[in-house]
Structures are given as C-alpha cells and as structure tokens.
Amino acid sequence: MARPKRKGEAGAARNYITRNQAVRKLQLSLPDFRKLCIWKGIYPREPRSKKKVSKSSTSSTTFYYVKDIQYLLHEPLVNRFREQKALEKKISRALGRGDVTDAKRFERNAARPEKTGRPRYTLDHVIRERYPTFVDSLRDLDDCLSMLFLFANLPSTSSVPAKMIARCERLCLEFQHYLIVSHSLRKSFLSIKGVYFQANIQGETVTWLVPYKFNQRVVGDIDFRIMGTFVEFYMTLLGFVNFRLYTGVGLKYPPKFDQLKDNGAGELGAFTLEDVNATNSTAQAGGDDGEEAERSPDPKVQAEVNKLVQELKDEEEGSSNNSNSNSKAAVVETADDNEEVPSDAIDKFEPAAQGGDVLPQPSYSASNPRQLFSKCTIYLSRETPRGSIEFLLRAFGCKRVGWDAVLGEGAYTTNEMDPNITHQIVDRPPVQVTVNEETGGDGEDNQTAQKLVANRRVAGRIYVQPQWVWDSVNAEELLQPDLYAPGAQLPPHLSPFVKSVQGQYDPSLPLDQQQTDMEALESDGDEEDADEDDEEEDDGNGDKAVAKAVAKVKEAKEVKEAKRKAITKESDDDSDGGMDVAGTDDEDEDDEDDDDDDEITVRPDVIVDALEEEEDDEEEADSALQRQLELEAELSGKPVRSNGKAPLDARAKAKANARKALARDAKQKEDELERAKGMLPKKKRRLYEQMVYTNTKRSAEDEKLRAKRRKLERKQAKGSAGKA
C-alpha cells in the first residue's frame, strides 16, 4: 500500500516557502534577511494558488522559492551576519553586568559603517556572481547611476551618513571623467525631475537621471534602510565598472584626488588623471636614480661637447644651402615617396589613450560632434548650473571653461574680462535700465555682467542661455545663438529620447504642416470664405444685405403687431370694460413695442435667418426666371438667354468635388475596415478596438495642444499688431 501524502509535502507546496520560515531557517534577523535578498537578487514570488501553497490556516502574503533559500544557506555573508549578531549579544550582556571595559572592547571590534565607513564584509564576490561578464554590469548601470547621483546630492543625516554621501559623489565624478576622456556622452535633456544623460559605453546605451542641486529636505516617510542597502551594493558595482573602464583606456585607477580642491567645490577639478605607461616609466626611473647618478657625466664636459656638436650642425646647414636645387627636388620627392599618405581619416584606428585596448568607432560625419565645443572658450555666470554645464562642455571637447571664483575651484579663468572668452552663458531675466544722459549710458540691460560697468557688455562676445548647450548637444551642431539670446523667447526644448510620430503634435513644426488633408481643405475654405466676406464688406454689399434683413424683420414685426392689436381690440369689445391681468400685460407689451419702434435691435441669429430666407427666395425666383426663358426660347426657336447670373466659381466647384471625393474615400475605407474587423477573432478584435481607442485619445490630446498653440499665436499676432 502506498504511503498517503500529507499536506505540504508534495505538489506546489514543496516549491515555495514563506518569509518567516526562511528567516528561521537561515537564523537571521529580518533586516539582515532583507539585505541578503537584495544583494543576491532574490525576490518574492507569487504562486498560482496561495491556498494550496500555504502550510498554515492563515494566508501568508510573501513567498520565496525553496531553491533560492537553500542557495542562501551557503552564502559567506550569512556567517558574517551571525558573527555580528553574536558580538552585539556580547556587548549587551557586558553592559547588563556593568562591565564597561569589556563593552568598549567589543564595540571596537563591531562593524559600524556609519562611524568607521568600513564594514567587516565585502560584496566583491556578489558582484562577480551576479555579473559574469562586463556587458552584464553595463546593462544594469542605469539604476545604479541614478541612485548614486541622488545620494550624492542628499544632506547628511543619521540615516544617511556623510561618508556614504562623499563616496557616492567621488564615484560619480570618476565616472564622469571617463565619459569626458572617451567622449561617450550622446544626449541630455532638462526635465522637471532633473537632468537626463545618455551615454554609449562599448556599444551599450546607459541612461541615468541627475537631480538638480537644490536644498533637499529629507522627510520621515522614506525608508532609507532599504535605499541604503541598494546604495551599498551599487557603490561596489560602480567601483568595479570604473576600474575596468579606466584600465580599458589606459588610465590609472583610482585617479589622484585633491582634498583641498574638493573642499573648495572643485568637483571635476579635484581629480588628476594619470596614464598607466607614464606612471610605470616614472616608477622605473625612480628605482634607478642611484645608478644614473653614478653614470652621469661631468656637467662642464657635457656642456663643451654640446657646443662642439652645435658648431658642426651649423656648418652642415651652410653647406647644404649652397647645394644644387635639383638635388633638393630629388630629396623632396624621395621624402614624399617614403611618407605614407593616409587615404581616409576613417581608416585610422588608434587607441583613445596610450596603452588602451578600446578603439574608437569611425565616424562618417563631416563635423565631429565629440569636438563640438573644442574651439569655444566659455564663461559661466554665477546663476547657471555649473556642474551639469561643465560636464556637458568638457564631454564634447571644450577644454576652456571659466566661471566666477564663488562657484568653486578648477576654472580655466575667473576673470570675466578675459578677451579669449567667446561665449558667456547667462540665466538672469532681462533688466530694463534707464538711460542716464549725464553718465552717457547706452540703455542696454545689465543682466550679463557682474564686474562690468552698468549698461555695458564685452564687445565681440556671444551671450546665450543655458538651453543653447543642451540643444546644440542633441542636434550635434552649434545652433544659432541669436535664438537663445538673454531675454529671448526660447525654442521648445524637446526630449531627444522620443522619436516624433507622424500625426502627433510636434512643437518644432508649424501648425500648417501638422494638419491632415481634410483639415487643410477646411482651413482653406474658411480662409477663402473670410476673404470673400472681406471683399463684400469693401464693396458695401454686406451693409446692404444687413439693411435689407433689418427692414424685412421690421416689416414682419409690424404685421405681427397689427394682428395682435386686432385680437386685443376684439377681446376688449367682448369684455365688460374691466381690465384683467392679460390686458395689463398687453399694455405693458404695447409700451415695450412702442419703445422698440423708436430703436430697433435685431439679434444676429435673426439676421442670419432672414438672410437665408432671402437667399432661398432669390434662388426660387432665379429658377422660375430660368424656366420662363427656356420656354420662350423653345417657342421662338432661338437659343436660351442667360438670366444675368454668373456661373459657379470653378475653384469652389473643384473644392466641393474634392470634399466629396475625400468623404467617399473615408466611407469606403470605413466599410473595408468593418469587413476586416468582422473576420478577426473576438480577442484580437477587442485588442484592436483598445488600440484604436488609445490612438483616438492621443489624437484628441494632440488636437487640444494644437488648439492651445493656435490661440496663443493668434494672441501674439494681435499684440504685435497693436504695438505696430
């Protein structure tokens, strides 16, 4: 007889384990278990049926794979956590006995990362396990960089120690230095959340977010223990990545770090990059200093030898100048033949730095976007975001970036009057300065100068707003600086990560290019109707039509009033002479009508109705007259005479035919679409309808944006016309 199966020993219940059971099995506390799962990449799992998986009467909410927990049993970090837990028990026991000496001794052996900055464990082996290849680590670098840049801008608190913030900032600056040296940065975008950057590192696209450097307020509803666990893992990961990237381009890691410059807000300027080969040669030279000192000749003897060698060279040059010109030509030809003329610059595959193993990819563009700002000397005003702008400029070839001394150290120049400055980036609103005739001011704004005389600018210098840097980087060319002048209305700053789709709203294009065929025809029709109305108003026909409509309305009102008076008179004769409420109302209405006779006001809708009735009457009269002329021509045998009306406009007729053709095509397409939908299965039909609904909703949003822009442009046109 087979052994009966008990609950929890077979099926799906054997594959899952609850969180409490896992904690008891590993003999860890809940915070340590959470840390271990985050570092090892183990996440909770959702079974198909919690009722079948649960081994107790209460429904557990968190489940893990049993194999994952068994995998954690062999983790070396588990022993570290257990040792730390035992040490904390010893400390508490010593304090309970009142033995302060032993408690202090145990405290010195305990791991206090918030105080010492050095935990007793390392995550190196975890990084090697989770990322077998370097490409795997690059693919997981987006969240790593976003988290570390976030913590680098946070203020130090009890939950976020200062040493963690300093290490995050240092790792981020080292990564930025690699991007500057390798020219790997591609795009950037200013958003509400912060500044997005995108780089191409060895064929992998990495995108991360850098928050703005505002004063951050740390609130209490954020669990920094969880975020700190991720940051601890990401710091180790970025350290490995930086080491591999630096050695790949032939640079020594870690770079030299100047603490004094960092204290003076040097940021990128606090690091000094060193070549590996230069460092090795210097080290070898330093090791043989004693031997070289012994073998070095006497300085006086060496000076005399150098003098004699120089005299011999001068004599040879004089004799060569007197030689035959033919021999010179032959020598030149020989030298030209020996030189290798490069056929194309793209074929030159050279390392990015001496000793590097990564070769740059060839570029077929006429202008190299990596050296976009190489010919510019840029000065940053005090109000501009120096950190992000400096990183962008240096990553795209600019080696001369200056700023005011209050922004920190590491500037190319702190003198705003330096004549070598070609561009100055300002971000202050325009200040209207009154002209002082006594001092001879020219009335220009003083928004660009801090050390200059009032109402003065540096001649020959280009002043732009910070958006010019980002738009030029995304466009891979230097844009027109006059569009980004101080105080000018900036062009739309569009995200380079979103590709424009036909039919969607595009702020960079005019509205005329975003309309569909039907919208274009309707807009043309509206414009032509408006032109015709303007022409009629110029000729005076519009005033005549309105006058005729007013006269017709007045005539109809008089007829109506006469009928009402006749009815009122008959009702008065039938009555006993008493006045009722209706009679009072009639008198009031008569008074109102008398007032209306003095000044008649006609509503626009009444005028339109009257005009339409008049047009209908005219059309009936014209058709009757045309019919009469045809009958007369038939009796007399003569050709039909025209009734004096001009034929329909050929342009309007073509427009009407085009509208009909578009409507016919739309109807045909709609019928074909309905037939095609009928052939689809029910599931796919619902999916298609959902897609259509989403596209329609997006189209409605795009049309709303176009309407807003149309209204804004109309308002601006009216304002400019009023000023003119």
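Taking an unreviewed UniProt entry as the reference, the chain is identified by name as Pescadillo homolog belonging to Sporothrix curviconia. The UniProt entry for the chain carries this comment under Subunit (unreviewed entry): "Component of the NOP7 complex, composed of ERB1, NOP7 and YTM1. Within the NOP7 complex ERB1 appears to interact directly with NOP7 and YTM1. The NOP7 complex also associates with the 66S pre-ribosome." Within the UniProt record for the chain, the comment given under Sequence similarities (unreviewed entry) is "Belongs to the pescadillo family."

Turning our eyes to something else, we now look at the overall build of the chain. For the chain, the helix and strand inventory stands at 25 helices and 11 strands. The proportion of buried residues among the 724 residues of the chain is 28%. By sequence separation, contacts in the chain at least 24 residues apart represent 62% of the contacts at least 6 residues apart. Summing over all exposed atoms, the chain offers an accessible surface of approximately 48900 Å²; the carbon and sulfur share of this is 51%.

In this section: the pattern of salt bridges. Per the counting criterion, the structure on display carries 18 salt bridges. The salt bridge partner of Lys40 is Glu129, with a shortest N-O separation of 2.4 Å. Separated by 89 residues along the polypeptide, Lys40 in helix H2 (residues 30–40) and Glu129 in helix H8 (residues 124–130) bring together distant segments of the chain. Residue Lys40 is classed as buried on the basis of its relative accessible area, which comes to 10%. In this structure, the salt-bridge partner of Arg709 is Glu713, at a minimum N-O distance of 3.1 Å. Highlighted residues: Arg709 and Glu713, both in helix H25 (residues 682–723), separated by four residues, approximately one helical turn.

Applying the stated rule across the entire model yields 17 aromatic pairs. With centroids separated by 5.4 Å and ring planes inclined at 85°, the aromatic side chains of Phe33 and Tyr64 adopt a geometry described as edge-to-face. One end of the pair, Phe33, is in helix H2; the other, Tyr64, is in strand S2 (residues 63–65), and 31 residues separate them in sequence. By the burial criterion, Phe33 is buried, and Tyr64 matches it. Measuring from ring centre to ring centre gives 5.9 Å for Phe197 and Trp208, while their planes differ by 25°; the resulting arrangement is stacked.

Residue position: Phe391 is located in helix H18 (residues 386–395). Setting aside its immediate chain neighbours within four residues, Phe391 contacts Gln176, Leu179, Ile180, Leu185, Phe197 and Leu268.

A word on the pairing of strand S4 (residues 195–201). The buried count for S4 comes to five of seven residues, which makes it a mostly enclosed element. Bridge count for strand S3 (residues 185–190) against S4 is five bridges, and the pairing is antiparallel. Following the sheet pairing, Leu185 is matched in S4 by Ala199. Remark: four residues form the turn of the hairpin made by S3 and S4, two consecutive strands paired antiparallel. As paired strands, S4 and strand S5 (residues 204–210) are joined by seven bridges and run antiparallel to one another. Each residue of the ladder has a partner; that of Phe197, found in S5, is Trp208.

Between its first and last C-alpha atoms helix H12 (residues 224–248) spans 35 Å; for 25 residues at 1.5 Å apiece the expected length is 36 Å, and the two agree. The N-cap residue of H12 is Asp223: its side-chain oxygen and the backbone nitrogen of Arg225 are 3.2 Å apart. After H12 finishes, the residue Gly250 shows a positive phi value of roughly 80°.

To continue, consider the pairing of S5. Going residue by residue along S5, you find Glu204, Val206, Trp208 and Val210 tucked away on one face and Thr205, Thr207 and Leu209 left uncovered on the opposite face. Following S4, the chain reverses through two residues before pairing antiparallel with S5; Gln202 in that reversal takes a positive phi of roughly 50°.

A few words on unusual backbone geometry. The residue after Tyr253, namely Pro254, is reached through a cis peptide bond having omega -5°. Structurally, Pro254 can be placed in the loop between H12 and strand S6 (256–257). Positive phi values are uncommon outside glycine, yet His183 reaches one of about 55°. Inspection of the secondary structure puts His183 in the loop between helix H11 (162–182) and S3. Using a relative accessible area of 17% as the deciding quantity, one classes His183 as buried. Notably, Ala265 is not glycine yet its phi reads approximately 60°, a positive angle. By the secondary structure assignment, Ala265 is in the loop between helix H13 (259–263) and strand S7 (271–272). Residue Ala265 is classed as partly exposed on the basis of its relative accessible area, which comes to 32%.

With that settled, consider the sheet that holds strand S11 (residues 462–464). For sheets, the rule is that strands pair by backbone hydrogen bonds, running either parallel or antiparallel. The four strands are arranged S9-S8-S10-S11 in an open sheet whose pairing can be described as parallel. Of all strands in the sheet, those with a lone pairing partner are strand S9 (401–403) and S11, marking the two edges. When strand polarity is set aside, the average angle formed by the axes of neighbouring strands in this sheet is 25°. Alignment of strand S8 (residues 378–380) against strand S10 (residues 423–425), held across three bridges, turns out to be parallel. For Tyr379, the partnering residue across the bridge sits in S10 and is Gln424. Running over the sheet, H18 touches S8, S9 and S10 and is turned about 160° from S9.

Bringing the sheet that holds S5 into the picture now. Strand order across the open sheet formed by three strands is S3-S4-S5, with antiparallel pairing between neighbours. Of all the strands in the sheet, just S3 and S5 have a single pairing partner and so form its edges. With strand direction ignored, the average angle separating the axes of adjacent strands in the sheet is 15°. Of the strands in this sheet, S3 and S4 are in contact with helix H19 (residues 467–475), which crosses S3 at around 140°.

Contact pair helix H10 (residues 141–152) / H12: the axes reach a minimum separation of 9 Å and the direction vectors enclose 115°. With respect to H12, the axis of H10 lies roughly perpendicular. Considering the relative orientation of H10 and H12, their crossing is left-handed. Between H10 and H12, the contacting residues are Leu141, Asp143, Cys144, Leu145, Met147, Leu148, Leu150 and Phe151 on the first element and Phe224, Met227, Gly228, Phe230, Val231, Tyr234, Met235, Leu237, Leu238 and Val241 on the second. Across the contact of H10 with H12, the residue classes break down as 16 nonpolar, one polar and one charged.

All right, on to the packing of H11 against H18 then. How two helices pack is summed up by the angle between their axes together with the distance between the axes. The contact between H11 and H18 brings their axes to 8 Å, and the two run at 30°. Judged by the inter-axis angle, H11 sits roughly parallel to H18. Here Gln176, Leu179 and Ile180 of H11 lie close against H18, whose contacting residues are Phe391, Arg394 and Ala395. For the contact of H11 with H18, the residue count by class is four nonpolar, one polar and one charged.

Parameters and conventions
Residues numbered from 1 in each chain as written. Predicted model: local features only at pLDDT ≥ 70, side-chain atom pairs only at ≥ 80, totals over all residues. Heavy atoms only, no water. UniProt positions renumbered as here; feature names shortened; annotations may be inferred. Helix = DSSP H or I, 4+ residues; strand = E, 2+ residues; numbered from the N terminus. Buried < 20%, exposed > 50% of the residue type's maximum accessible area, 1.4 Å probe, protein only. Contact = heavy atoms within 4.5 Å. Areas by Shrake-Rupley, 256 points an atom, 1.4 Å probe, with all protein chains shown as cover. Salt bridge = Lys/Arg side-chain N within 4 Å of Asp/Glu carboxyl O. Phe/Tyr/Trp six-rings, centres within 6.5 Å; stacked < 30°, edge-to-face > 60°. Pairing = 2+ DSSP bridges. Expected span 1.5 Å × (residues − 1). Polar contact = N/O pair within 3.5 Å; in protein donor to acceptor, adjacent residues only side chain to side chain. Axes fitted to C-alpha atoms, helices over the stretch in contact; angles between N-to-C directions. Parallel < 35°, antiparallel > 145°, perpendicular 65-115°, else oblique. Left-handed = near helix turned anticlockwise from the far one by under 90°. Nonpolar A, V, L, I, M, F, W, Y, C, P; charged D, E, K, R; others polar.

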